[in-house]
Amino acid sequence: MAWTTGIFYKKKFKKNAFLHTLTALFPIILPIQSYLIMRRILLFLFLSIFGWNTLFCQKTTDEDALYIRKIYDKALTESVGYNWLEFLCTRVGARLAGSPQAAAAVEYTRQMLDTMQLDSVWLQPCMVPHWVRGEKEQVRIISSRKLGDVDLKALALGNSIGTGKDGIVAEVIEVKSLDEVEKLGREALAGKIVFYNRAFDQTQINTFNAYGGAVDQRGVGPSRASKQGAIGVIVRSMSSRLDDVPHTGGTNYEEGVTPIPAVAISTNDAELLSKLLKEESVRVYIRTTCERYPNKLSYNVIGEIRGSEKPDEIIVVGGHLDSWDVGQGAHDDGAGSVQSMDVLQVLKRLNYKPKRTIRCVLFMNEENGLAGGRAYAAEALRKKEKHLAAIESDRGGFTPRGFTCEGDASIFEKRFKKVVQWSDLIESYGLSFKTGGSGADIGPLKAQKAFLFGFEPDSQRYFDYHHTTIDTFDAINKRELDLGTAAMTTLVFLLDKYGLE
């Protein structure tokens, strides 16, 4: 505020100097009255050419800065997302789609939205996968010449089939890429367990880039190994640090491929196994009892404040309500869900009357299927809804850094230029706009010409917790969570006030 006001007075001083220069000679040859009239005429001409727009924009910027300050004050002192998150994590717990806990989370968040006196709250049905982990996984190096038997810390990958009660035993072959599996072929891999051991690229400043460079091993690695006759897969956990915490996460069997069991082991155990393989042939025993059951009915949870001037233009803010079945799903994505709910709560407490419809969507089944995001987009298309923008929070509850933006090529450049004009208003809060991905759940809205935002917190610690047993409520910092709510509310306010045209 002080900075923008300073700019205003600086510009005003320059205008006065300009006017004095133009009129300096007039008092010598004109009466005082004529001088004053001429000065007014010159001032009018100057403002007509240069000034009215500058003065108007400055006033608007100052008003916006003051209101954004109110948003932050309200979010940092009266937000309730942290309390909602505590209930989700400690009372409901892990919320894998199709589980009783996921159903409990749907009902709890519906009730919380219903207490906010929104214009509408409803459940949107979607059919979701129903996968159950089963008994605790056993992954063991057996009869090593150097180490003997060694238990490895492991979690089955989501959607994986089980080994059966007897488990499997085979020699382990280490690879670093999908291409290496292809090159080794059936002759080297048939009857073996493939060990994918490509670590995160530590030179990446944004750890999501490192994740993107490694996650194909987990996503399609088991399918590619199966095509070459492998009977099982071990994957290095998707994490940027060395520790003893295994990370689960989804795998997707490609069409026509025989599913094989797949597990992830901790990064420390991946280092141990890799070192041992350089010294001797290693055999590993794997036992998992995962099962896939028929799909189940679940729901997206939706609440909205109806717009007063352009109710048919919708601004979505959301996160995914489901989590993996280990830990409590605090950062992934309980934080994003309660932040999205809290955006509406903060606006209500400010007595804000939006021009456009502001809608909170808690998506179901992001982790192992994206059924909720697809169902939402399909219903929006069927109802011919117009989504101006959608914001997703699914990168943890850490300190906010800004927003990444994406959209259909036909609308992206124009709308991104509009958005970056707001940069001065958010920079003092440590935020910025940049190009990049948005979120998996809102991704299907891209084809419907919605402009998409990914809320971006600091990424350095996210993959310490992602898909693990330690993603629990005590890993959340309340102030960081509330700052995220304030940042998202600020963007919603600007989108609602100015649109994107």
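Colleague: Hey, could you run me through the packing of helix α4 (residues 81–92) against helix α11 (residues 330–349) in this one?
Modeller: In a packed pair of helices, the relevant descriptors are the angle between the two axes and the axis-to-axis distance. Between α4 and α11, the shortest axis-to-axis distance is 9 Å and the interhelical angle comes to 140 degrees. Taken together, the axes of α4 and α11 are oblique relative to one another. Both α4 and α11 take part in a crossing whose hand is right-handed. Contacts between α4 and α11 involve Gly-81, Trp-84, Leu-85, Leu-88 and Cys-89 from the first element and Ala-330, Gly-334, Ala-335, Val-338, Met-341, Asp-342 and Gln-345 from the second. Tallied by class, residues from the contact of α4 with α11 come to eight nonpolar, three polar and one charged.

Colleague: Is there a simple way to think about the sheet that holds strand β1 (residues 120–132) in this case?
Modeller: What links the strands of a sheet is backbone hydrogen bonding, and the strands pair in either a parallel or an antiparallel sense. Taken in spatial order, the eight strands make up an open sheet running β1-β10-β12-β11-β13-β16-β14-β15, and their pairing is mixed. Bordering the open sheet on either side are β1 and β15 (432–435), each of which pairs with just one other strand. Within the sheet, the average angular offset between the axes of one strand and its neighbour, ignoring direction, is 25 degrees. Here helix α5 (residues 100–114) sits on the sheet in contact with β1, β10 (291–305) and β12 (356–363), set at roughly 5 degrees to β10.

Colleague: Please explain the pairing of strand β7 (residues 232–236) as it appears in this structure.
Modeller: A regular strand places its side chains so that they alternate between the two faces of the sheet. Most of β7 is tucked away: five of the five residues are buried. Burial along β7 is two-sided: the residues Gly-232, Ile-234 and Arg-236 and Val-233 and Val-235 are all buried. The sheet contact formed by strand β6 (residues 193–196) and β7 spans four bridges and is parallel. Among the inter-strand pairings, Ile-193 is bridged to a residue of β7, identified as Gly-232.

Colleague: Explain the sheet that holds strand β4 (residues 154–156) here, please?
Modeller: As summarised here, the arrangement of the eight strands in space is β3-β2-β9-β5-β6-β7-β8-β4, forming an open sheet in which the pairing is mixed. Bordering the open sheet on either side are β3 (148–151) and β4, each of which pairs with just one other strand. Across this sheet, the average inter-strand angle for adjacent strands is 30 degrees, counted without regard to direction. Of the strands in this sheet, β5 (168–175) and β6 are in contact with helix α6 (residues 178–189), which crosses β5 at around 135 degrees.

Colleague: How should the packing of aromatic side chains be read in this particular structure?
Modeller: Aromatic ring pairs are defined here through the distance separating the ring centres and the angle between the ring planes. Applying the stated criterion across every chain, the model contains 22 aromatic pairs. Ring centres 5.8 Å apart and planes at 85 degrees place the aromatic pair Phe-363 and Tyr-376 in the edge-to-face group. A residue pair is termed long-range when its members are at least 10 positions apart, and Phe-363 in strand β12 and Tyr-376 in helix α12 (residues 371–382) qualify at 13 residues. The same class applies to Phe-363 and to Tyr-376, which are both buried. Members of the aromatic cluster, connected to one another through ring pairs, are Phe-403, Phe-412, Phe-416, Phe-433, Phe-451, Phe-453 and Phe-455. Between Arg-395 and the ring centre of Phe-208, over which it is positioned, the NZ or CZ distance is 5.7 Å.

Colleague: Quick question: what am I supposed to make of the pattern of salt bridges here?
Modeller: When the charged atoms of two side chains with opposite charge come close together, those side chains can pair. Throughout the structure, instances matching the rule amount to 33 salt bridges. One salt bridge in this structure joins Asp-151 and Arg-140, with 2.7 Å as the shortest N-O distance. Placement of the pair is Asp-151 in strand β3 and Arg-140 in strand β2 (residues 138–144), with a sequence separation of 11 residues. Arg-140 sits in the partly exposed class, given a relative accessible area of 24%. Sharing partners across several salt bridges, the network here consists of Glu-304, Arg-359, Lys-383 and Glu-385.

Colleague: Help me understand the nonpolar core in this model?
Modeller: For soluble globular proteins, nonpolar side chains are generally found buried alongside one another. Core analysis: the largest hydrophobic core is formed by 72 residues, its most contacted members being Leu-344, Phe-403, Phe-433, Phe-451, Phe-453 and Leu-495. Here the element with the most residues in this core is helix α16 (residues 478–498); it accounts for nine residues. Listed in part, the 26 residues of the second largest apolar core include Ile-173, Ala-210, Val-235 and Met-238.

Colleague: Which parts of the structure should I look at to understand the environment of Ala-104?
Modeller: Along the chain, Ala-104 falls in helix α5. Separated by 13 residues in sequence, Ala-104 and Arg-91 place their C-alpha atoms 9.7 Å apart.

Colleague: Any chance you could explain α4 here in plain terms?
Modeller: For an α-helix, 3.6 residues make a turn, and residues three or four places apart therefore share a direction. Between its terminal C-alpha atoms α4 stretches 15 Å, which fits the 16 Å expected from 12 residues at 1.5 Å a residue. For α4, the set of buried residues is Gly-81, Trp-84, Leu-85, Leu-88, Cys-89 and Val-92. Down the axis of α4, the sector holding all buried residues measures 125 degrees, keeping them to one side. Residues of α4 that are buried make contact with α5, α11 and α16. Downstream of α4 by a residue or two, Gly-93 has a phi angle that is positive, lying close to 90 degrees.

Colleague: I would appreciate a short explanation of the side chain of Asp-482 in the present structure.
Modeller: With respect to the helices, strands and loops of the structure, Asp-482 is situated in helix α16. A relative accessible area of 2% means that Asp-482 is categorised as buried. If sequence neighbours within four positions are ignored, Asp-482 has contacts with Ala-75, Leu-76 and Ser-79.

Colleague: Would you mind showing me how to read the side chain of Ser-423 here?
Modeller: For Ser-423, the location among the structural elements is in helix α14 (residues 423–426). Polar contacts involving the side chain of Ser-423 include one to the main-chain carbonyl oxygen of Val-420, which spans 2.7 Å.

Colleague: Please clarify how the confidence of the model for the protein should be interpreted in this entry.
Modeller: If pLDDT is low for a region, its predicted coordinates should not be looked at in detail. Averaged over all residues, the pLDDT of the protein equals 91, while 88% of them reach at least 70. Below pLDDT 50 for its whole length, residues 1–32 participates in 28 contacts with residues either more than four positions away or in separate chains. Note that pLDDT drops below 50 for residues 52–56; the model gives that stretch six contacts with residues more than four away or on any other chain.

The rules behind each value
- Residues numbered from 1 in each chain as written.
- Predicted model: local features only at pLDDT ≥ 70, side-chain atom pairs only at ≥ 80, totals over all residues.
- Heavy atoms only, no water.
- Axes fitted to C-alpha atoms, helices over the stretch in contact; angles between N-to-C directions.
- Helix = DSSP H or I, 4+ residues; strand = E, 2+ residues; numbered from the N terminus.
- Parallel < 35°, antiparallel > 145°, perpendicular 65-115°, else oblique.
- Left-handed = near helix turned anticlockwise from the far one by under 90°.
- Contact = heavy atoms within 4.5 Å.
- Nonpolar A, V, L, I, M, F, W, Y, C, P; charged D, E, K, R; others polar.
- Pairing = 2+ DSSP bridges.
- Buried < 20%, exposed > 50% of the residue type's maximum accessible area, 1.4 Å probe, protein only.
- Phe/Tyr/Trp six-rings, centres within 6.5 Å; stacked < 30°, edge-to-face > 60°.
- Lys NZ or Arg CZ within 6 Å of the ring centre and 35° of its normal.
- Salt bridge = Lys/Arg side-chain N within 4 Å of Asp/Glu carboxyl O.
- Core = buried A, V, L, I, M, F, W, Y, C linked by side-chain atoms within 4.5 Å.
- Expected span 1.5 Å × (residues − 1).
- Arc of directions from axis to C-beta.
- Polar contact = N/O pair within 3.5 Å; in protein donor to acceptor, adjacent residues only side chain to side chain.
- pLDDT = per-residue confidence, 0-100.

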